[in-house]
Amino acid sequence: NLAMRDSLTGLYNRRFLLEEAANQVKSWSSDQHQNHWLALLDLDSFKNINDSFGHDFGDAVLKSFAQHLTVLAGDKDIVARLGGDEFCIVFCQREEDQVVKILEELLQTIQSSPVTHDDENQTMKASIGVAPLRDGNLAEALKTADLRLYSAKRTGRGQLVFTD
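Remember, predicted model here, so these are calculated numbers, not experimental data.

Draft legend 1. Fine view of helix H1 (residues 14–28). For H1, which comprises 15 residues, the first-to-last C-alpha distance of 20 Å matches the rise-based estimate of 21 Å (1.5 Å per residue) to within 8%. Most pronounced at Ala 21, the bend in H1 amounts to some 40°. For H1, the complete set of buried residues consists of Phe 16, Leu 17, Ala 21, Ala 22, Val 25 and Trp 28. Lining the buried residues of H1 we find strand E1 (12–13), strand E3 (78–83), strand E4 (86–91) and helix H5 (138–154). Backbone nitrogen of Arg 15 and a side-chain oxygen of the N-cap are separated by 3.2 Å at the start of H1; the cap is Asn 13.

Draft legend 2. Looking closely at the nonpolar core. If you look at the biggest cluster of nonpolar residues, it comprises 33 residues, and the most contacted ones within it are Leu 41 and Leu 103. Those elements that place two or more of their residues in this core are strand E2 (37–43), helix H2 (46–53), helix H3 (55–72), E4, helix H4 (96–111) and strand E7 (126–132). Take this core: its biggest share by element is 8 residues, from H3. Residues in contact with Leu 103, not counting those within four places in the same chain, are Ala 39, Leu 41, Ile 89, Phe 91, Ile 128, Val 130 and Leu 160. With 22 residues, the next largest nonpolar core counts Val 25, Leu 133, Leu 138 and Leu 142 among its residues.

Draft legend 3. Representation of the packing of aromatic side chains within the structure. The final tally for this structure, using the stated rule, is 4 aromatic pairs. For the ring pair Phe 65 and Phe 87, a centre distance of 5.0 Å and an interplane angle of 70° mean the geometry is edge-to-face. Of this pair, Phe 65 sits in helix H3 while Phe 87 is found in strand E4, placing the two residues 22 residues apart along the sequence. With respect to burial, Phe 65 and Phe 87 carry one shared label: buried. The side chain of Arg 5 reaches across the aromatic face of Tyr 12, ending 3.9 Å from its centre.

Reading guide: rules and limits
Residues numbered from 1 in each chain as written. Predicted model: local features only at pLDDT ≥ 70, side-chain atom pairs only at ≥ 80, totals over all residues. Heavy atoms only, no water. Helix = DSSP H or I, 4+ residues; strand = E, 2+ residues; numbered from the N terminus. Expected span 1.5 Å × (residues − 1). Bend = angle between axes of the 7 residues up to and from the residue. Buried < 20%, exposed > 50% of the residue type's maximum accessible area, 1.4 Å probe, protein only. Contact = heavy atoms within 4.5 Å. Polar contact = N/O pair within 3.5 Å; in protein donor to acceptor, adjacent residues only side chain to side chain. Core = buried A, V, L, I, M, F, W, Y, C linked by side-chain atoms within 4.5 Å. Phe/Tyr/Trp six-rings, centres within 6.5 Å; stacked < 30°, edge-to-face > 60°. Lys NZ or Arg CZ within 6 Å of the ring centre and 35° of its normal.

Here it is, written out as structure tokens:
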């Protein structure tokens, strides 16, 4: 279990996502009537937070963001910290409009919920790229979501990009 969990946030890690979750996702593809999605999330200006407030504050921001992600995830969804300030959610059996609504609400929630640590407050912002999981192909969904994530960052950060 320790090898598959991020020690700071308690979320699954990149290794779990690429090994265990990839197998789970392949099993989901047998049900053609369900939609599955992958969202990549990246905290905006995280380096500035670490540089301005210190790594302890940065850790508090990462933990807070991880808690927000855990709250919005369903029972079958997979939430992972890929490294640094990059996270992933694999949504199982969700409609597109439902995923968009969940992620838009997340963006609003984190912007209105400052992180407090050692009497300092900092508001979080995140950029998100989303892709459909077709035929259980996690690698392809990661690639597409990554391109959309960088598109979100180029268009002003704090954005959700769902299509090309």
